Amino acid sequence: MFLILHPSSVSLLAFTIYLSFAGAVVLALVPRGRPALARWLALAVAVAGLALAVQGFVAGMGQGRQVIVDVPWVPSMGIHFLLAADGISRVLVLLTGLAAVAGVLFSWNIELRTNQFFAFFLALIGGVYGVFLSFDLFLLFVFYEIAIVPKYFLIAIWGSTRREYAAMKLAIYSFAGSAMVLIGLLAAYATAGSHSTGLVELAHAGLPVSFQMWCFPLVFTGFAILAGMWPFHTWAPTGHVAAPTAASMLLAGVVMKLGAYGCLRVGIALFPHGLDPWGFSFIGIGSWRDVFAVLAVVGIVYGALVALAQTDFKFVIGYSSVSHMGFVLLGLVTLNQIGVTGAVLQMFSHGIIAGLLFAIVGRIVYDRTHTRQLAELETMHLSKRLPFAAWAFVIAGMASMGLPGFSGFVAELQVLVGAWIAKPWWTLVAGVGIVVGVAYTWRAMQKAFFSDAPPSPHVLEQEHGHALAAITWPEVTGVVLLAGVSLAVGLYPRILLDTIEPAVKTLLAGGGQ
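Residues numbered from 1 in each chain as written. Predicted model: local features only at pLDDT ≥ 70, side-chain atom pairs only at ≥ 80, totals over all residues. Heavy atoms only, no water.

Caption draft 1: Seen up close, the layout of surface pockets. Roughly 300 Å³ of internal volume is contained in the largest pocket. Along the wall of the largest pocket there are 22 residues; nearest its centre are I110, W158, P244, T245 and D367. Looking at the lining of the largest pocket, the elements that each hand over two or more residues are helix 9 (235-242), helix 10 (245-270) and helix 13 (337-369). Broken down by element, the lining of the largest pocket gets its largest block of residues, four residues, from helix 13. (1 Å grid on protein atoms, 1.4 Å probe; cavity = no way out; pocket = protein on both sides within 12 Å on 5 of 7 lines; lining within 4 Å. Points joined across faces, edges and corners; volume = space filled by probe spheres on them. Helix = DSSP H or I, 4+ residues; strand = E, 2+ residues; numbered from the N terminus.)

Caption draft 2: Inspection of the environment of W420 at higher detail. Residue position: W420 is located in helix 17 (residues 407-422). Taking the C-alpha atoms as reference points, W420 and Y18, 402 residues apart in sequence, are found 43 Å from one another. Excluding residues within four positions of it along the chain, W420 makes contact with T427 and L428. (Contact = heavy atoms within 4.5 Å.)

Caption draft 3: Inspection of the pattern of salt bridges at higher detail. With the rule as written, the count across this model stands at ten salt bridges. Note that E111 is salt-bridged to R39, the shortest N-O span being 2.9 Å. Here E111 is found in the loop between helix 3 (87-105) and helix 4 (114-133), whereas its partner R39 is found in helix 2 (residues 35-59), with 72 residues between them in sequence. Across the pair E475 and R363 runs a salt bridge whose closest N-O atoms are separated by 3.2 Å. Of the two residues, E475 sits in helix 20 (residues 473-491) while R363 sits in helix 13, which places them 112 residues apart along the sequence. Given a relative accessible area of 0%, E475 falls into the buried group. Of the residues examined, R363 reaches a relative accessible area of 9% and is grouped as buried. (Salt bridge = Lys/Arg side-chain N within 4 Å of Asp/Glu carboxyl O. Buried < 20%, exposed > 50% of the residue type's maximum accessible area, 1.4 Å probe, protein only.)

Caption draft 4: Inspection of the state of the cysteines at higher detail. Throughout the structure, instances matching the rule amount to zero disulfides. The thiol sulfur of C215 is not disulfide-bonded, and the nearest other cysteine sulfur, from C263, lies at 13 Å. (Disulfide = S-S within 2.5 Å.)

Caption draft 5: Looking closely at the packing of helix 17 against helix 18 (residues 424-449). Viewed as axis vectors pointing N to C, helix 17 and helix 18 meet at an angle of 150 degrees, and their least axial separation amounts to 6 Å. Side by side, helix 17 and helix 18 meet where E412, L416, A419, W420 and A422 of the first sit next to P424, W426, T427, L428, A430 and I434 of the second. Its residues placed into classes, the contact of helix 17 with helix 18 shows nine nonpolar, one polar and one charged. (Axes fitted to C-alpha atoms, helices over the stretch in contact; angles between N-to-C directions. Nonpolar A, V, L, I, M, F, W, Y, C, P; charged D, E, K, R; others polar.)

Caption draft 6: A look at unusual backbone geometry. Of note, the amide linkage connecting W230 to P231 takes the cis form, showing an omega dihedral of 5 degrees. Here P231 lies in the loop between helix 8 (209-226) and helix 9.

Caption draft 7: Spotlight on helix 16 (residues 387-401). In this model, helix 16 (15 residues) spans 21 Å end to end at C-alpha, consistent with the 21 Å of a helix rising 1.5 Å per residue. Counting buried positions along helix 16 yields eleven of 15 residues, so the element is predominantly enclosed. Those residues of helix 16 that sit buried are A389, A390, A392, F393, V394, A396, G397, M398, A399, S400 and M401. Buried residues in helix 16 make contact with helix 12 (313-334), helix 13, helix 15 (382-385), helix 17, helix 18 and helix 20. Once helix 16 finishes, G402 follows within two positions and takes phi at roughly 85 degrees, a positive value. (Expected span 1.5 Å × (residues − 1).)

Caption draft 8: How the structure looks around the nonpolar core. Within the largest apolar cluster, 186 residues are counted, with the highest numbers of intra-cluster contacts made by L330, L332, F348 and F449. Counting residues per element, this core draws most heavily on helix 10, at 18 residues. Setting aside chain neighbours within four positions, we find L330 in contact with A293, A296, V297, I300, V415, A419, W426 and A430. (Core = buried A, V, L, I, M, F, W, Y, C linked by side-chain atoms within 4.5 Å.)

Caption draft 9: Structural context of the packing of aromatic side chains. Counted under the stated rule, the structure contains 32 aromatic pairs. Note on F117 and F118: the rings are 5.2 Å apart at their centroids and 85 degrees apart in plane angle, and the pair reads as edge-to-face. With respect to burial, F117 and F118 carry one shared label: buried. Measuring from ring centre to ring centre gives 6.4 Å for F449 and F450, while their planes differ by 55 degrees; the resulting arrangement is tilted. Since its relative accessible area comes to 1%, F449 is described here as buried. By way of ring pairs, the aromatic residues F117, F118, F120, F121, Y152, F153 and W158 are connected into one cluster. When the ring centre of Y366 is taken as origin, the NZ or CZ atom of R372, which lies over that ring, is 5.3 Å away. (Phe/Tyr/Trp six-rings, centres within 6.5 Å; stacked < 30°, edge-to-face > 60°. Lys NZ or Arg CZ within 6 Å of the ring centre and 35° of its normal.)

Caption draft 10: Highlighting the pairing of strand 3 (residues 277-282). With zero of six residues buried, strand 3 is to be regarded as a mostly surface element. The turn joining strand 3 and strand 4 (residues 285-287), which pair antiparallel and follow one another in sequence, is formed by two residues; a positive phi near 45 degrees is taken by I283. (Pairing = 2+ DSSP bridges.)

What follows is the structure, given as structure tokens:
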């Protein structure tokens, strides 16, 4: 990594967007018969993006919000091409860079239309970078929509189980949520006087409380659909299972974070009074804050219980993502410093850990065994035949369960403390989800890798006929990268918390962004 450690280095974060889209265009032009060239070009672009993300993160340490680019785009409407970065943005841009590199590494085996696969992949990454760096409401929405289109094609063309159905379901849910967001954003723009679409300007526009009371739930729900909020979560497990490995990693790793980010950056920051008490209560629920907290804790427990009952290995990880994203949404609606900080850290942590889990299950295990059924995997004794995969899953599983020393522990602990400060019963119910999370992770680990079940005749024939394919260098590199990041953040969380906390404090204090 080449780091230029001075404040102006933050401006280079804009090139994560430009480079990703340029890389997508170049890859689309690469001849179909040159898959190796396409892979190396995609990896070079992803690594360059990660280098810029690291550079921007380091240069921005101790800094507040910094404007990167501000150019009038549609002056008559007050729309600007406005890119900026605060602590929250910088952490999520770093996550995106890591997910991009890991996604390319775990897609090294793609042979079908390789150039087009990586072109869509980088277009999606460019859209994600754009969302996290946009501080103009219209620009953010444009990048948000751009990220949806490549998702559809990645699943519909390169997916597996019911791929057309899963791709269409994901697209419908995504666009339905986007329509809700768009209605809310246009209403906010008009109510604020139609002078500017800047996030900071709108946050200080003094929107009427009565307006915020109906607009907040509309916008928050629209974004939360993409974050996998129960009961609008059903696109997520279906999409994860059908998607190719890299797309699963991106869906869980960064795309679901777009929704959570929108809930925070737009929903909570622009409509803070939308979370105020209604003045009456029904079965203990007296505000939109209570409503979304209930949905979050239900999602935590529901996702964990359904994961516990799954027989498909990838569905276990898919429903676990619904449960873990519930912690993000719960942390956001605590509206206190520790809870919201924990939610942002959980976005980063879950992005790393979920990406690692999907890589192990979808790439390392499935591509060699050609099954995801736990009943079949438990007869294969993979701890002996694929020891690297077994121990990689042990590490990823421990991180997913929130074992101390990994990033998930610090993130979920902060969310739970924040929830206790807000309303203790939120923490008690969420704690049930943690216990069930240990159970489904342990069950999947035991069945897939360490079962004592006797091998079936088919497995015995396989064992005597040929060994499973050896682990490749891209797989080893990807596992070490993601596991190492989770461990590093778990052992020294201040490396991210010192950047996240000031930005969260400013946002909650009504400083807009």
